[in-house]
Amino acid sequence: MLPTLRASLPYTLALAVLAYLGFAFLPVQGFAQEIFVVIGIMLAGILVPVLVDVKGRAAVTSSAVPLAASDYKGDTTTLYVGNLPYRANEDAVKELFQRFGVVINVRLMKDRQTGRRRGFGFVEVAAKDGNKMIQKLNDFNFQERTLKVREAKERQDSDDAEE
DNA sequence: GTTGAGCGTT
């Protein structure tokens, strides 16, 4: 079943029941009219989610993004990536890592004064994808440079324990 | 417009 419909169907049914019961407290004009109202609620409650799902599915297939980072709930791991080409930007690095898992954030370190990139950075990824990404992307040839990918050392003390 | 081992910032 379509996801939005599955989520909204209980509310639609509840609303239909409430409408049905509501007629008990009103001067009833006729059973036929009551049935039409209830059926109308059901039809709207089913058709709208179906249309939402169909449009949403088309949007997802056209965007080609596996999963929005802001929607990911779970443990994350920060990877150190070194030996980056100076010309590489964050989007290129993110796209590369996204081939092998969920990427939460990419930060390429740059010189504070000049703003030029320093050739390394940190990629925050889903914890379950971290080791796979290290396997796949360490010593990976990226724009004529051989990447170095490791698990990042933690600068902050007394934070989460690494595996 | 430069550099080439490296583990960081709101």
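Small disclaimer: the values here were computed from a predicted structure and weren't measured.

K.L.:
A description of the confidence of the model for chain A should follow, citing residues and the corresponding values.
P.N.:
Detailed reading of the predicted model is not advised wherever pLDDT is low. The predicted model of chain A has a mean per-residue pLDDT of 78, with 62% of residues at 70 or higher. The weakest mean pLDDT in chain A belongs to helix α2 (residues 31-63) at 60; the strongest belongs to strand β6 (residues 148-151) at 96.

K.L.:
So what about unusual backbone geometry? Which residues, and what values?
P.N.:
Even without being a glycine, aspartate 139 presents a positive backbone phi close to 60°. The backbone phi angle of glutamate 144 is positive, close to 70°, even though this residue is not glycine. By secondary structure assignment, the location of glutamate 144 is in the loop between β4 (141-142) and β5 (145-146). Residue class for glutamate 144 comes out exposed when judged on its relative accessible area of 71%.

K.L.:
Mind laying out the pairing of strand β3 (residues 117-126), listing which residues take part and the relevant values?
P.N.:
Here strand β1 (residues 76-82) runs beside β3; their pairing, made up of six bridges, is antiparallel. For threonine 77, the partnering residue across the bridge sits in β3 and is valine 125. In the sheet, strand β2 (residues 103-110) pairs with β3 via six bridges, with the strands oriented antiparallel. Paired with lysine 110 across the two strands is arginine 117, which belongs to β3.

K.L.:
Would you mind going over the pattern of salt bridges in detail, with residue names and values included?
P.N.:
Considering all chains together, one arrives at three salt bridges under this definition. Across the pair lysine 128 and aspartate 129 runs a salt bridge, and its minimum N-O distance is 3.4 Å. One salt bridge in this structure joins lysine 132 and aspartate 129, with 3.6 Å as the shortest N-O distance. Pair noted here: lysine 132 and aspartate 129 are both in helix α4 (residues 127-137), with a separation of three residues, about one helical turn.

K.L.:
Quick one: what's the story with the sheet that holds β3, residue by residue and with numbers?
P.N.:
Reading across from one edge, β2-β3-β1-β6 is the order of the four strands in this open sheet, with antiparallel pairing throughout. Looking at the sheet topology across the chains shown, the edges are occupied by β2 and β6. In this sheet, adjacent strand axes meet at a mean angle of 25° when their direction is disregarded. The strands touched by helix α3 (residues 90-98) are β1, β2, β3 and β6; relative to β2, the strand with the most contacts, the crossing angle is about 140°. Contacting β1, β2, β3 and β6, α4 runs over the sheet at an angle of about 135° to β3.

K.L.:
So what about the protein's contact with DNA strand B? Which residues, and what values?
P.N.:
Taken together, 19 residues surround DNA strand B, and among them Leu84, Arg112, Arg116, Arg118 and Lys153 come closest. In the interface set of DNA strand B, defined as its atoms within 4 Å of the protein, sugar plus phosphate atoms amount to 16%. One nitrogen or oxygen atom from the main chain of glycine 119 is found 3.3 Å from a base nitrogen belonging to DNA strand B. Note that a base nitrogen of DNA strand B is positioned 3.4 Å from one of the side-chain N or O atoms of arginine 145. Of all the secondary-structure elements, those providing two or more residues to the surface near DNA strand B are β1, β2, β3 and β6. Here the surface near DNA strand B gets three residues from one element, more than from any other, and that element is β3.

K.L.:
Can you break down α3 residue by residue, with the values?
P.N.:
Turning to α3, its buried residues are Ala92, Val93, Leu96 and Phe97. For α3, the buried positions fall inside an angular range of 130° around the axis, keeping them on one side. When the buried face of α3 is taken as reference, the exposed residues oriented beyond 90 degrees from it are Asp91 and Glu95. Packed against the buried residues of α3 are β1, β2, β3, α4, β4 and β6.

About the cut-offs
Residues numbered from 1 in each chain as written. Chains lettered and ligands numbered in written order. Predicted model: local features only at pLDDT ≥ 70, side-chain atom pairs only at ≥ 80, totals over all residues. Heavy atoms only, no water. pLDDT = per-residue confidence, 0-100. Helix = DSSP H or I, 4+ residues; strand = E, 2+ residues; numbered from the N terminus. Buried < 20%, exposed > 50% of the residue type's maximum accessible area, 1.4 Å probe, protein only. Pairing = 2+ DSSP bridges. Salt bridge = Lys/Arg side-chain N within 4 Å of Asp/Glu carboxyl O. Axes fitted to C-alpha atoms, helices over the stretch in contact; angles between N-to-C directions. Contact = heavy atoms within 4.5 Å. Near = heavy atom within 4 Å. Polar contact = N/O pair within 3.5 Å; in protein donor to acceptor, adjacent residues only side chain to side chain. Arc of directions from axis to C-beta.

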